[in-house]
Amino acid sequence: MYWLTSVCLLLIQVRTYMRSIIKPGIDMTYMCETLEDTVRKLIQANGLEAGIAFPTGCSLNHIAAHWTPNAGDKTVLQYDDVMKLGRRAFHADC
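Overview of the structure. Remember, predicted model here, so these are calculated numbers, not experimental data.

**Considerations on the overall build of the protein chain**
Looking only at helices and strands, the protein chain features two helices and four strands. The buried share of the protein chain, reckoned over its 94 residues, is 30%. Within the protein chain, residue pairs in contact and separated by at least 24 positions form 66% of the contacts whose partners lie at least 6 positions apart. Surface summary for the protein chain: the accessible area is close to 6,300 Å², and the carbon and sulfur share equals 57%.

**Some remarks on the pattern of salt bridges**
Under the criterion given, the structure shown has two salt bridges. Notably, a salt bridge pairs arginine 40 with glutamate 36, separated by 3.9 Å at the nearest N-O pair. With arginine 40 and glutamate 36 both in helix H2 (residues 28-45) and four residues apart, the pair spans about one turn of that helix. Residue class for arginine 40 comes out partly exposed when judged on its relative accessible area of 44%. On the basis of relative accessible area, glutamate 36 is assigned to the buried category, the value being 15%. Arginine 40 is paired through a salt bridge with aspartate 37; the nearest N and O atoms lie 3.2 Å apart.

**Details of the environment of tyrosine 17**
Here tyrosine 17 shows up in helix H1 (residues 2-21). For the pair tyrosine 17 and leucine 35, spaced 18 residues apart in sequence, the C-alpha to C-alpha distance is 8.7 Å. Residue contacts for tyrosine 17: discarding those within four places in its chain leaves Thr34 and Thr38.

**Regarding the pairing of strand E2 (residues 57-60)**
In summary, the side chains of a regular strand alternate between the two faces of the sheet. Side chains Gly57 and Ser59 project from E2 onto one buried face, and the interleaved Cys58 and Leu60 project onto a second face that is buried too. In the sheet, E2 pairs with strand E3 (residues 83-86) via four bridges, with the strands oriented antiparallel. By the bridge assignment, cysteine 58 is partnered in E3 with leucine 85.

**A look at the nonpolar core**
Of all hydrophobic cores here, the largest spans 17 residues; its most connected members are Leu10, Val14, Met18, Met28, Met31, Val39 and Leu77. Elements with a contribution of two residues or more to this core: H1, H2 and E2. With seven residues, H2 is the largest single contributor of residues to this core.

Conventions used here
Residues numbered from 1 in each chain as written. Predicted model: local features only at pLDDT ≥ 70, side-chain atom pairs only at ≥ 80, totals over all residues. Heavy atoms only, no water. Helix = DSSP H or I, 4+ residues; strand = E, 2+ residues; numbered from the N terminus. Buried < 20%, exposed > 50% of the residue type's maximum accessible area, 1.4 Å probe, protein only. Contact = heavy atoms within 4.5 Å. Areas by Shrake-Rupley, 256 points an atom, 1.4 Å probe, with all protein chains shown as cover. Salt bridge = Lys/Arg side-chain N within 4 Å of Asp/Glu carboxyl O. Pairing = 2+ DSSP bridges. Core = buried A, V, L, I, M, F, W, Y, C linked by side-chain atoms within 4.5 Å.

Honestly, that's just the spatial picture; any functional story needs more than this.
Here it is in structure tokens:
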């Protein structure tokens, strides 16, 4: 049960950080890579045996879910965009 509490606290830290950097004009690839790198760093810093199970989903506007930018994608978050940012599952050995 300890790992579950730790993962929940980790997600709160990630959400807080990401809310501070996600603004119109952010490159979607950079945003997803930053989110995943932040998760990896916090997992390691907290000594958790866990990892990211799926890539970050950050669907824009008419795309309902499960979109993630490919390497080299130049999509940028615009002021009037609606973004759904999926917090993906973690794989944890427990």
